[in-house]
Amino acid sequence: MTEDKAPATEQPSRKTTRRIPMVLGAIAAGAVIGLAGIYGIGGLMRNGSGGDPACRPAVALSRKIAPLAHGEVAALTMASAPLKIPDLAFETASGEQKKLSDWRGRTVLVNLWATWCVPCRKEMPALDSLQAKLGGPDFEVVAINIDTRDPEKPKAFLKEGGLSRLGYFFDQKAKVFQELKGIGRALGMPTSVLVDGNGCEIATIAGPAEWASDDAIKLIQAALKP
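Summarised in this report is the structure supplied together with it. (Residues numbered from 1 in each chain as written. Predicted model: local features only at pLDDT ≥ 70, side-chain atom pairs only at ≥ 80, totals over all residues. Heavy atoms only, no water.)

### Notes on the overall build of the protein chain
The following threshold applies: In this text, helices come from DSSP runs of H or I with a minimum length of four residues, and strands from runs of E with a minimum of two, each type numbered from the N-terminal end. By the convention used here, residues are in contact when the closest approach between their heavy atoms is within 4.5 Å. Values of accessible area rely on a 1.4 Å probe in the Shrake-Rupley scheme; residue burial ignores everything except the protein chains shown.
A tally of helices and strands in the protein chain yields seven helices and eight strands. In the protein chain, of all internal contacts separated by at least 6 residues, the share reaching a separation of at least 24 is 73%. Accessible surface, the protein chain as shown: approximately 12,600 Å² in total, 56% of it carbon and sulfur.

Shown next, in the form of structure tokens:
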């Protein structure tokens, strides 16, 4: 009678063993690329070193005023690495071409909003009030509308709400959103970035804030006195 024998366990060949680290490396690289696609390269490097040397003072300022990021502005993320904000391009109500660099020398709160965004609409009166209180030669709220369809709708919204303190700026192709998204600073709407006079990030917030509150006023006033 023939005795059945269990098949011998095959030992992995040297070639197979060498492939394992290569496969793991490829998986890790793919994960990094995937994250970069979701968050943007800038998002991955948010807490990294380096960056634009001209923006180091903005990081120092961010650390200085960080204790004021509480209450109504507790959701602010303070800059932890030097980051120059892209020179965003948009238009005025009269069709004049503007860029963020036109505000060099002034602290700016860049805000992206749209009429289809409910939190954006609720936030606009506070932004209008902030501009009324602090707007001037040292500070301005630059609220950029990104409605891509009816250009008259956002104008009508501002008029009906009596929001006359804010300048009307728009980018009907919403490229400003894509540019901020590309550096990990726009993941939804509304998005606001506090930018110093050199065009560098001081702080960012994803979502609405009560910009007319004492908390917001004190933080921005502190940012104006580095």
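Structure shown, so let's carry the discussion forward.
### What about helix 7 (residues 214–223)?
Quick note on the threshold: A 1.4 Å probe rolled over the protein chains alone gives each residue an accessible area, and that area as a share of the maximum for its type sets the label: buried under 20%, exposed over 50%, partly exposed in between.
Listed as buried for helix 7 are A216, I217, L219, I220, A222 and A223. Buried residues belonging to helix 7 abut helix 3 (56–65), strand 4 (107–113), helix 4 (118–134), strand 5 (139–145) and strand 7 (191–195).

### Digging into the environment of A143
Relative to the elements of secondary structure, A143 occurs in strand 5. In sequence terms A143 and S192 are 49 residues apart; their C-alpha atoms lie 8.7 Å from each other. Those residues in contact with A143 that sit more than four places away from it in its chain are N111, W113, M124, G167 and F169.

### Details of the state of the cysteines
Our working rule: Throughout, disulfides are identified as pairs of cysteine sulfur atoms within 2.5 Å of each other.
One pass over the full model with this rule turns up two disulfides. Here C55 pairs with C200 through a disulfide, and the sulfurs are 2.1 Å apart. Every disulfide takes its handedness from the sign of the S-S torsion; for C55 and C200 that torsion is -75°, giving left-handed. Placement of the pair is C55 in the loop between helix 2 (41–44) and helix 3 and C200 in the loop between strand 7 and strand 8 (201–206), with a sequence separation of 145 residues. C55 sits in the buried class, given a relative accessible area of 1%.

Keep in mind these numbers describe shape, not what the thing actually does.
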